[in-house]
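The chain contents come next:
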Amino acid sequence: MTDGKQEHWDAVYRVKAADSVSWYQPMPEPSLRTLDELHLPATASLIDVGGGASSLVDRLLERGWSDLTVLDIAAPALEVAKARLRGGAAQVDWVVADITVWRPERGYDVWHDRALFHFLTEPAQRLAYRRALDAGTAPGSVVIIATFAPDGPERCSGLPVRRYDAAALAAEFSPAFILERDWREEHATPGGGRQSFQWCVLHRR
Ligand SMILES: C[S@@+](CC[C@H](N)C(=O)[O-])C[C@H]1O[C@@H](n2cnc3c(N)ncnc32)[C@H](O)[C@@H]1O
């Protein structure tokens, strides 16, 4: 990348403890609950884009999921997750890439994105994300995505974000992806703050 984003995120994960960043969740409860509600089998393939050091992959490995990929622009974030998983790390595909330039070489049953998409403030960035999404999914694939809601923070990690309600978020992926369910979540940050998130589940036609 030439726009400084990679350097920004590398520095975040080098300087801050993984459990001190505002987006830290001790348990990725909304994601796990959604996967349960969708009755997805552990044989399904899942990519966590902008997965960072999230423990979603840990919890899915515990549940027997075997086709997991974590993509992030920040290699140090993935190193944190790998160190935590120890031997389990070998069971995960780790991809260091900018989602706006990455082109998947395969498809995934589940595309999971908690708090990456809202950093794409330029239309061209969102178009590039959409190209990756289109290439990385197939009819029947599920997208589980969360961004800051309209009353959520205007910035995250010092960067501006674009906030969405369910209709606006679904419109970003229309018409190929159909909104199946949506809800809001009040995320409790490690610092004691609250952040409004908008979650959507979409299905690819
Ligand atoms: C707010 S954090 C969320 C991390 C994780 N999804 C979670 O819920 O804990 C956003 C993540 O997106 C990553 N990221 C930001 N821009 C990206 C891009 N263009 N391509 C890939 N990853 C990106 C960051 O490095 C960071 O790990």
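What counts, and at which threshold
Residues numbered from 1 in each chain as written. Predicted model: local features only at pLDDT ≥ 70, side-chain atom pairs only at ≥ 80, totals over all residues. Heavy atoms only, no water. Core = buried A, V, L, I, M, F, W, Y, C linked by side-chain atoms within 4.5 Å. Buried < 20%, exposed > 50% of the residue type's maximum accessible area, 1.4 Å probe, protein only. Helix = DSSP H or I, 4+ residues; strand = E, 2+ residues; numbered from the N terminus. Disulfide = S-S within 2.5 Å. Pairing = 2+ DSSP bridges. Axes fitted to C-alpha atoms, helices over the stretch in contact; angles between N-to-C directions. Contact = heavy atoms within 4.5 Å. Near = heavy atom within 4 Å. Polar contact = N/O pair within 3.5 Å; in protein donor to acceptor, adjacent residues only side chain to side chain. Areas by Shrake-Rupley, 256 points an atom, 1.4 Å probe, with all protein chains shown as cover. 1 Å grid on protein atoms, 1.4 Å probe; cavity = no way out; pocket = protein on both sides within 12 Å on 5 of 7 lines; lining within 4 Å. Sits in = over half its atoms within 2 Å of the grid points. Nonpolar A, V, L, I, M, F, W, Y, C, P; charged D, E, K, R; others polar.

Participant: Can you break down the nonpolar core residue by residue, with the values?
Facilitator: By size, the foremost hydrophobic cluster in this structure holds 41 residues, and its most contacted members are Trp9, Leu60, Leu68, Trp94 and Ile144. When contributions to this core are tallied by element, the ones reaching two or more residues are α1 (5-15), α2 (29-37), α3 (56-62), β2 (67-72), α4 (75-85), β3 (92-96), β5 (142-148) and β9 (194-204).

Participant: Any chance you could break down the state of the cysteines for me, citing the residues and the numbers?
Facilitator: Here the structure, examined in full by the defined rule, presents zero disulfides. Not part of a disulfide, Cys200 finds its nearest cysteine sulfur in Cys156, a span of 18 Å.

Participant: Could you give me a rundown of the sheet that holds β2, with the residues and numbers involved?
Facilitator: The strand order β3-β2-β1-β4-β5-β9-β8 describes an open sheet built from seven strands, whose pairing is mixed. Two strands lie at the open edges of the sheet, namely β3 and β8 (177-188), each paired on one side alone. Direction aside, neighbouring strands of the sheet carry axes that sit 15° apart on average. Taken strand by strand, α4 contacts β2 and β3, and its axis lies near 160° from that of β3.

Participant: Can you break down the site of the ligand residue by residue, with the values?
Facilitator: Taken together, 18 residues surround the ligand, and among them Tyr13, Gly50, Asp72, Asp98 and Arg114 come closest. Between Tyr13 and the ligand, the recorded distance is 2.6 Å, taken from a side-chain N or O atom to an oxygen atom. Gly50 is positioned with one of its backbone polar atoms (N or O) 2.7 Å from a nitrogen atom of the ligand. In isolation the ligand exposes 600 Å². Once the protein is present, 96% of that is buried. According to the grid-proximity analysis, the pocket containing the ligand is the largest pocket. Among the residues making up the shell around the ligand, the classes are represented as eleven nonpolar, four polar and three charged.

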